[in-house]
Amino acid sequence: MEPFPTGQTDCMDSSLLSATLLLFLILDPFGNTAVAAAVLRGVAPGRRGWVVLRECLIAYGVLLAFLFFGRHLMAVLQLSQTSLGIAGGVMLFLIAVRMIFPTAGSMFGDVPEGEAVAVPLAIPAIAGPSAMAMLMLLASREPDRMGEWTLALTLAMTVSTVTLLAAARLLNVLGDHIMTALGRFMGFVLSILAVEMLLDGLRSFARTL
């Protein structure tokens, strides 16, 4: 696995704060309020908070697994950090475009009837491929900072969980238009980070030629 080039400012040169913010943007709790609402439509009001908490815990467990074991999976599959960085940048950009220009249908397909478990809220709405790729990249690039990456993921998931638990109240207080605007703003910021991540991967690839 080749290291990322040094001596440059890139989106992966992360402090704890920047990693937390980046993960929060990728988790996209404002955008996932629509998915949560669809999942909870057939759930009794008294159970909705528990269902959201359960789904967030499932997503957190999946993301922790990718953080700690993802780089070993990369080694088994003989994947480089460069290819992961390029693929992660492309996935982030596609998701950011969907956040900025949402379509009428759900990004993750039809929501199953009844009380859904894990799919689609925990996976892939929260623990999606872009979040998995980002955590694998953080862990493989700087494995000596696993404690910081774990804390960053924990903080981002905590804020995301609180946001999803308060989704109904946020919709009532802020309204659909403001929530949509927040989601699109997060998508815009994420698109910039995605392009930077893609460029970092392309620069790293160019150095191998």
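One can find the structure itself at the top, above this paragraph.
Residues numbered from 1 in each chain as written. Predicted model: local features only at pLDDT ≥ 70, side-chain atom pairs only at ≥ 80, totals over all residues. Heavy atoms only, no water.

### Thoughts on the overall build of the chain
Note the following rule: Helix and strand definitions follow DSSP, with helices as H or I runs of at least four residues and strands as E runs of at least two, each counted in order from the N terminus. In what follows, a contact means two residues having at least one pair of non-hydrogen atoms within 4.5 Å. Per-residue accessibility takes into account occlusion by the displayed protein chains alone, with areas from the Shrake-Rupley method and a 1.4 Å probe.
Scanning the chain for helices and strands turns up eight helices and zero strands. Scanning the chain from its N terminus toward the C terminus, one meets helices and strands in the order α-α-α-α-α-α-α-α. Long-range contacts, defined as pairs at least 24 residues apart, comprise 88% of the intrachain contacts of the chain with a sequence gap of at least 6. Of the roughly 10500 Å² that the chain leaves accessible, carbon and sulfur atoms contribute 69%.

### Regarding a nonpolar patch on the surface
Just so we agree on the cut-off: What goes into a patch is any residue over 30% in relative accessible area without a salt bridge, connected to like charges within 9 Å or, for nonpolar side chains (Val, Leu, Ile, Met, Phe, Trp, Tyr), within 5 Å. The working definition used for a salt bridge is a side-chain nitrogen of Lys or Arg within 4 Å of a carboxyl oxygen of Asp or Glu. Relative accessibility decides the category of a residue: with a 1.4 Å probe and only protein chains considered, values under 20% of the type maximum give buried, values over 50% give exposed, and everything between is partly exposed.
On the surface, a nonpolar cluster with roughly 680 Å² of combined accessible area is contributed by V90, F93, L94, V97, F101, V195, L199 and L202. Elements with a contribution of two residues or more to the nonpolar patch: helix 4 (81-100) and helix 8 (167-206). A total of four residues in the nonpolar patch trace back to one element, the largest contributor, which is helix 4. Within the element layout of this structure, V90 appears in helix 4. A relative accessible area of 39% means that V90 is categorised as partly exposed.

### A few points about the packing of aromatic side chains
For clarity, the threshold we go by: Stacked, edge-to-face and tilted are the three classes for Phe, Tyr and Trp ring pairs, Trp counted by its six-membered ring, which pair at centre distances within 6.5 Å; planes under 30 degrees apart are stacked, over 60 edge-to-face, the rest tilted.
A complete count under the given rule lists one aromatic pair for this structure. Ring plane angle 90° and centroid distance 6.5 Å describe the contact between F24 and F30, whose orientation is recorded as edge-to-face. There is no split in this pair, since F24 and F30 are both buried.

### Some details on the pattern of salt bridges
If charged atoms from side chains of opposite charge come close, those side chains can pair. Evaluated as defined, the whole model comprises six salt bridges. Of the charged contacts in the structure, one is a salt bridge between E55 and R54, with a shortest N-O distance of 3.0 Å. For the salt bridge of R145 with E148, the shortest nitrogen-to-oxygen distance reads 3.0 Å. With relative accessibility at 16%, the residue R145 sits in the buried group. On the basis of relative accessibility, which here comes to 31%, the residue E148 falls in the partly exposed class. Here the salt bridges share partners, and the residues they tie into one network are R141, E142, R145 and E148.

### Structural notes on helix 7 (residues 146-165)
As a reminder of what qualifies: Given the number of residues in a helix, its expected span is that number minus one, multiplied by 1.5 Å. Directions from the helix axis toward the C-beta atoms define the arc.
End to end, helix 7 covers 28 Å across 20 residues, agreeing with the expected 28 Å (1.5 Å per residue, within 8%). Those residues of helix 7 lying buried are M146, W149, T150, A152, L153, A156, M157, S160, T161, T163 and L164. Along helix 7, the residues classed as buried sweep out an arc of 160° about the axis, all on the same side. In helix 7, the exposed positions angled more than 90 degrees off the buried face are occupied by G147 and V162.

### Description of the side chain of D28
Following the sequence through the fold, D28 ends up in the loop between helix 1 (16-27) and helix 2 (29-39). Setting aside residues up to four positions removed in sequence, D28 forms contacts with M99 and M186.

### Some details on the nonpolar core
Put simply, the rule is: In this text, buried Ala, Val, Leu, Ile, Met, Phe, Trp, Tyr and Cys residues form a nonpolar core when linked through side-chain atoms within 4.5 Å.
L63, I126 and M134 are the most contacted members of the largest nonpolar core, which totals 50 residues. Counting only elements with at least two residues in this core, the list comes to helix 1, helix 2, helix 3 (48-77), helix 4, helix 5 (121-126), helix 6 (129-141), helix 7 and helix 8. Apart from residues no more than four positions distant in its own chain, I126 is found in contact with L27, N32, C56, A59, L121, A131, M157 and L164.

### Some remarks on unusual backbone geometry
In this model, I123 is joined to P124 through a cis peptide bond whose omega is 10°. By the element assignment, P124 lies in helix 5.

### Points about the packing of helix 1 against helix 7
Selection rule: For helices, the fitted line uses only the C-alpha atoms of the stretch in contact; every axis is such a line through C-alpha atoms, and the angle between N-to-C directions lies from 0 to 180 degrees. In this scheme, roughly parallel covers angles under 35 degrees and roughly antiparallel covers those over 145, while 65 to 115 is roughly perpendicular and the rest are oblique. A clockwise turn of the near helix away from the far one marks a right-handed crossing, whereas an anticlockwise turn of less than a right angle marks a left-handed crossing. Amino acids outside the nonpolar list (Ala, Val, Leu, Ile, Met, Phe, Trp, Tyr, Cys, Pro) and the charged list (Asp, Glu, Lys, Arg) are all regarded as polar, and Gly is one of them.
At their nearest, the axes of helix 1 and helix 7 sit 8 Å apart, and the two run at 45° to each other. With respect to each other, helix 1 and helix 7 are oriented oblique. Both helix 1 and helix 7 take part in a crossing whose hand is right-handed. Between helix 1 and helix 7, the residues in contact are L16, A19, T20, L23, F24 and L27 and E148, W149, L151, A152, L153, L155, A156, M157, V159 and S160, respectively. Here the residues of the contact of helix 1 with helix 7 are counted per class, giving 13 nonpolar, two polar and one charged.

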